[in-house]
Amino acid sequence: MLDFVLRPLRRNFGPDRMYYRIIDDMFGFIPHNIELYKLALIHKSASLVLEGQPPINNERLEFLGDAVIESVSSDYLFIEYPDRDEGFLTKTRSKIVSRQSLNNLAIRLGLDRHLIAGGNIGRAQKHVYGDAFEAMMGAIYLDQGYNFTNRLLINKIFAEYLDIECLSEVEIDFKSRLIEWSQRNRYQLVFKTGSDKESTSSRPIFRSTVLVDGVEVGHGIGDSKKAAEQQAAYSVAHAMSDEQCASLLDKFDKLTR
């Protein structure tokens, strides 16, 4: 009854009505503490800085939301797949909570349209929408509690926007797959990864180059070494045409003669 009364009032009146509408439209409920959700939408690039206070942005909520999503995902998979082993559960959970998966969820929910960020986010930080999704789950957890967040994620968000069966078949650890391939075929695999010249403490950028027997075969960019190397490995797995593969094999032949 109270929600029936509060929904039209908070959606249509008061200085925060825009934020109430955003949350209600995305998730279907009216928050108790709207300040948490406003904070969840502030990326660190648009941090508010007050004298003597730490920067005001969504990073702490992101940290909390990450743990909540992982916990809910573990609970969901354990119940939904009673006959699958620990390996399947772990791999599928890692795919649900991956940056790419959370970024896609955020965009499908429309969260990307409301994120407050400073300047150009850039390629290396294209996962910021997924980070904001984590922050939003942290806000919902603090505002509504774990059980509410659990039901929201499983019954609404996962049910509407995630195909677990397809997701479980998606390959995400391209670096490990590339390492296995090089070891199996006795090739020397090297990742040359370093900080980009445009990298800053607030916006780190790393670039990685993959070399197989001294030949450059892929490149990647990310906001961490791990992300850059995964992207570089992904480029090897998906960006090489048949002609490029043939050219690479020719180079290998010349190097081994």
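Anything mentioned here points back to the structure above.
Notes on the structure follow. Please read these numbers as outputs of a predicted model, since none were measured by experiment. (Residues numbered from 1 in each chain as written. Predicted model: local features only at pLDDT ≥ 70, side-chain atom pairs only at ≥ 80, totals over all residues. Heavy atoms only, no water.)

### Concerning the packing of aromatic side chains
Going through the model one piece at a time under the given rule, you end up with six aromatic pairs. Where Phe29 meets Phe148, the ring centres are 4.9 Å apart and the plane angle is 75°; that geometry is what we call edge-to-face. Here Phe29, found in the loop between α2 (17–27) and α3 (34–40), pairs with Phe148, found in helix α8 (residues 146–161); they are 119 residues apart in sequence, far enough to count as distant. Its relative accessible area of 6% is what places Phe29 among the buried residues. For Phe148, a relative accessible area of 22% gives the class partly exposed. Where Tyr81 meets Phe88, the ring centres are 5.3 Å apart and the plane angle is 65°; that geometry is what we call edge-to-face. For the pair shown, Tyr81 and Phe88 are each scored as buried. Positioned above the aromatic ring of Phe88, the side-chain terminus of Arg84 is 3.8 Å from the ring centre. (Phe/Tyr/Trp six-rings, centres within 6.5 Å; stacked < 30°, edge-to-face > 60°. Helix = DSSP H or I, 4+ residues; strand = E, 2+ residues; numbered from the N terminus. Buried < 20%, exposed > 50% of the residue type's maximum accessible area, 1.4 Å probe, protein only. Lys NZ or Arg CZ within 6 Å of the ring centre and 35° of its normal.)

### Comments concerning helix α10 (residues 174–184)
Each full turn of the α-helix corresponds to 3.6 residues, which orients residues three or four apart in the same direction. Residues of α10 that are buried include every one of Phe174, Leu178 and Ser182, and no others. The arc that holds every buried residue of α10, seen down its axis, measures 70°, which confines them to one face. Within α10, the exposed residues directed more than 90 degrees away from the buried face are Gln183 and Arg184. A positive backbone phi angle near 60° is found at Arg186, which sits one or two residues after α10. (Arc of directions from axis to C-beta.)

### Overview of the sheet that holds strand β3 (residues 215–222)
Pairing is antiparallel across the open sheet formed by three strands, whose spatial order is β1-β2-β3. In the strand order of this sheet, the two ends are held by β1 (189–195) and β3, each with one partner. Recorded for the sheet is a direction-independent mean angle of 20° between the axes of neighbouring strands. Two strands pair when backbone bridges link them, and strand β2 (residues 206–212) and β3 are joined in this way by seven bridges, in the antiparallel orientation. Bridge pairing links Phe206 to Gly222 in β3. Sheet strands in contact with α10 are β1 and β2, and its direction is about 145° off that of β1. (Pairing = 2+ DSSP bridges. Axes fitted to C-alpha atoms, helices over the stretch in contact; angles between N-to-C directions. Contact = heavy atoms within 4.5 Å.)

### A few points about the packing of helix α4 (residues 59–80) against helix α7 (residues 128–144)
Axis separation between α4 and α7 bottoms out at 6 Å; the angle between their running directions is 80°. In terms of orientation, α4 lies roughly perpendicular with respect to α7. On the side of α4, the interface is formed by Leu61, Glu62, Leu64, Gly65, Asp66, Val68 and Ile69, while α7 contributes Asp131, Phe133, Glu134, Ala135, Met137, Gly138, Ala139, Tyr141 and Leu142. Looking at the contact of α4 with α7 residue by residue, the classes come out as 10 nonpolar, two polar and four charged. (Parallel < 35°, antiparallel > 145°, perpendicular 65-115°, else oblique. Nonpolar A, V, L, I, M, F, W, Y, C, P; charged D, E, K, R; others polar.)

### Observations regarding the nonpolar core
With 46 residues, the main nonpolar core has Ile23, Phe27, Tyr37, Phe133, Met136, Met137 and Ile157 as its most contacted residues. Contributing elements (two or more residues each) for this core: α2, α3, α4, α5 (86–96), α6 (99–109), α7, α8 and α9 (164–167). If sequence neighbours within four positions are ignored, Ile23 has contacts with Gly28, Phe29, Pro31, Ile34, Tyr37 and Met136. (Core = buried A, V, L, I, M, F, W, Y, C linked by side-chain atoms within 4.5 Å.)

### Some words on the environment of Ile140
Here Ile140 shows up in helix α7. Separated by 12 residues in the primary sequence, Ile140 and Leu152 have C-alpha atoms spaced 9.4 Å apart. Apart from the residues within four sequence positions on either side, Ile140 is in contact with Phe27, Phe29, Tyr37, Gly145, Phe148, Thr149 and Leu152.

### Quick word on the packing of α7 against α8
Direction vectors running N to C along α7 and α8 enclose 135°, while the axes themselves pass 7 Å from each other. Viewed along their axes, α7 and α8 adopt a mutual orientation that is oblique. Of α8, the residues touching α7 (which contributes Phe133, Met137, Ile140, Tyr141 and Gln144) are Tyr146, Phe148, Thr149, Leu152, Leu153 and Ile157. Residues of the contact of α7 with α8, tallied by class, amount to nine nonpolar, two polar and no charged.

### Remarks on the environment of Asp131
If you trace the backbone, Asp131 turns up in helix α7. Along the backbone, Asp131 and Asn103 are 28 residues apart, and their C-alpha atoms lie at a distance of 7.5 Å. One polar contact links Asp131 to Arg99, side chain to side chain, over a distance of 3.2 Å. (Polar contact = N/O pair within 3.5 Å; in protein donor to acceptor, adjacent residues only side chain to side chain.)

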